[in-house]
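Survey of secondary and tertiary structure
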Amino acid sequence: MTANEPDGGSGRAAVAEAAARAGAAVAGARFRDGIDVERKTGKTDVVTEADLASQRAVIERIREDFPEDVIVGEEEDELKAVPDSGAAWVIDPIDGTNNYVRDIRAFATAVAAVVDGEPVAAANVLPAMDDVYVADGEATYRNGTRVTVSDRTDPETAAATPTVWWDLDARDEYARACAEIVERFGDMRRFGSAQATLAMVAEGALDATITNVDCNPWDTVAGVHMVRVAGGTVTDLDGEPWRHDSTGLVASNGGVHEEALAAARAVRSVAEE
């Protein structure tokens, strides 16, 4: 199969799932096993040997079918930005590493296929929860069953969450995000894994998630694709369709999107003060 072969995302969806399963198997086998932890750029920015081994397993599986495609990955020396032309794969071996090292089960191996900068297929595998989310060009599936976003339109019945992360010097923004959600929505959750969170929006378990920060593509692209093909809406803070290089991210079921967008814009106003 060539890098530019048009397949509507179906062929790449199968490879994304296989690669995510391969990486998740590595991560899952090392979970709660006393693994060593290293810090990267900050006190909460950590990496483990499992992240590195999982990423290598993901890449190895992708290379079996798409040996020439570009790889964008969080760890090691892989490309760190999504190219605007050609085929590429965006991978996060363990999204939610801080959960992982705390023995919390909410973490995912994420794999997304993009063509000319746009996602066409994705998979998120949560090995400790036995959940596999896959999206081709038409639908999102959890464990083989098609899922869709929720149909809630009343924010007071909806559950939303702040996602990604705010640095220690931006906790006023984090606090504002929580306050906006508590004041505007019926309930708030936070899971510590952006990919798991986006998958939950796609399946209708959550109704919205927001952040005003610049998001890494490996934290978001797979889940964004899932939300969209499951019938949801994903935009930047200006309400424009979200891209891998957008600032901020607002994902919802569509029915409560304006409220979620207003919450995210309020957080942005704090950052601009």
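Every chain is numbered on its own, with residues counted from 1 as its sequence reads. Thresholds applied to this predicted model are a pLDDT of at least 70 for local features of residues and 80 or more for the giving and counting of side-chain atom pairs; totals over whole chains, interfaces and linings are not thresholded and use all residues. Excluding hydrogens and water, the side-chain values take into account all heavy atoms of the structure.

Attention shifts here to the nonpolar core. Formed by 43 residues in total, the largest nonpolar core has its most connected members in V90, W166, M226, V234 and L249. In this text, helices come from DSSP runs of H or I with a minimum length of four residues, and strands from runs of E with a minimum of two, each type numbered from the N-terminal end. Mapped onto this core, the elements with two or more residues apiece are β4 (87-95), β5 (108-115), β6 (118-126), β7 (131-135), α4 (171-184), α5 (194-203), α6 (217-229) and β14 (247-252). Ignoring any residue separated from it by four or fewer positions in sequence, one finds V90 in contact with V72, V82, A110, V111, A112, V114, P217 and W218. The term nonpolar core refers to a set of buried residues drawn from Ala, Val, Leu, Ile, Met, Phe, Trp, Tyr and Cys, joined through side-chain atoms within 4.5 Å. Residue burial is assigned from relative accessible area. The probe radius is 1.4 Å, only protein chains are included, and a residue is buried under 20% of its type maximum, exposed over 50%, and partly exposed in between. V15, A19, I62 and V132 belong to the second largest nonpolar core, which has 20 residues in total. Residue contacts are defined here by distance: any two heavy atoms, one from each residue, within 4.5 Å place the two residues in contact.

Without a salt bridge and with relative accessible area above 30%, a residue can belong to a patch; like charges are then joined within 9 Å and nonpolar side chains (Val, Leu, Ile, Met, Phe, Trp, Tyr) within 5 Å. Only the protein chains shown count as cover for residues, and the accessible areas themselves come from Shrake-Rupley with a 1.4 Å probe. For this analysis, a salt bridge means a side-chain nitrogen from Lys or Arg found within 4 Å of a carboxyl oxygen belonging to Asp or Glu. Positive residues here are Lys and Arg, negative ones are Asp and Glu, while His and the chain termini are left out of the count. Taken as the charge centre is NZ of Lys, CZ of Arg, CG of Asp or CD of Glu, depending on the residue. A cluster of acidic residues, D167, D169, D172, E272 and E273, forms a negative patch on the protein surface. The topology assignment puts D167 in the loop between β10 (159-162) and α4.

The subject of this paragraph is the UniProt feature "binding site: Mg(2+)" (unreviewed entry) in the protein. This chain's UniProt record puts "binding site: Mg(2+)" (unreviewed entry) on E74, D92, I94, D95 and D219. For this annotated set, covering 146 residues, all C-alpha atoms fall within 9.6 Å of each other, a compact arrangement in space. Summarising the element assignment, I94 is placed in strand β4. Residue I94 is classed as buried on the basis of its relative accessible area, which comes to 1%. Among residues more than four places away in sequence, those in contact with I94 are A27, T48, A50, D51, Y100, F107 and A108. Tracing the chain through its elements places D219 in helix α6. Classification of D219 by relative accessible area gives buried; the value is 14%. UniProt positions are given in the numbering used here, feature names are shortened, and annotations may be inferred rather than shown by experiment.

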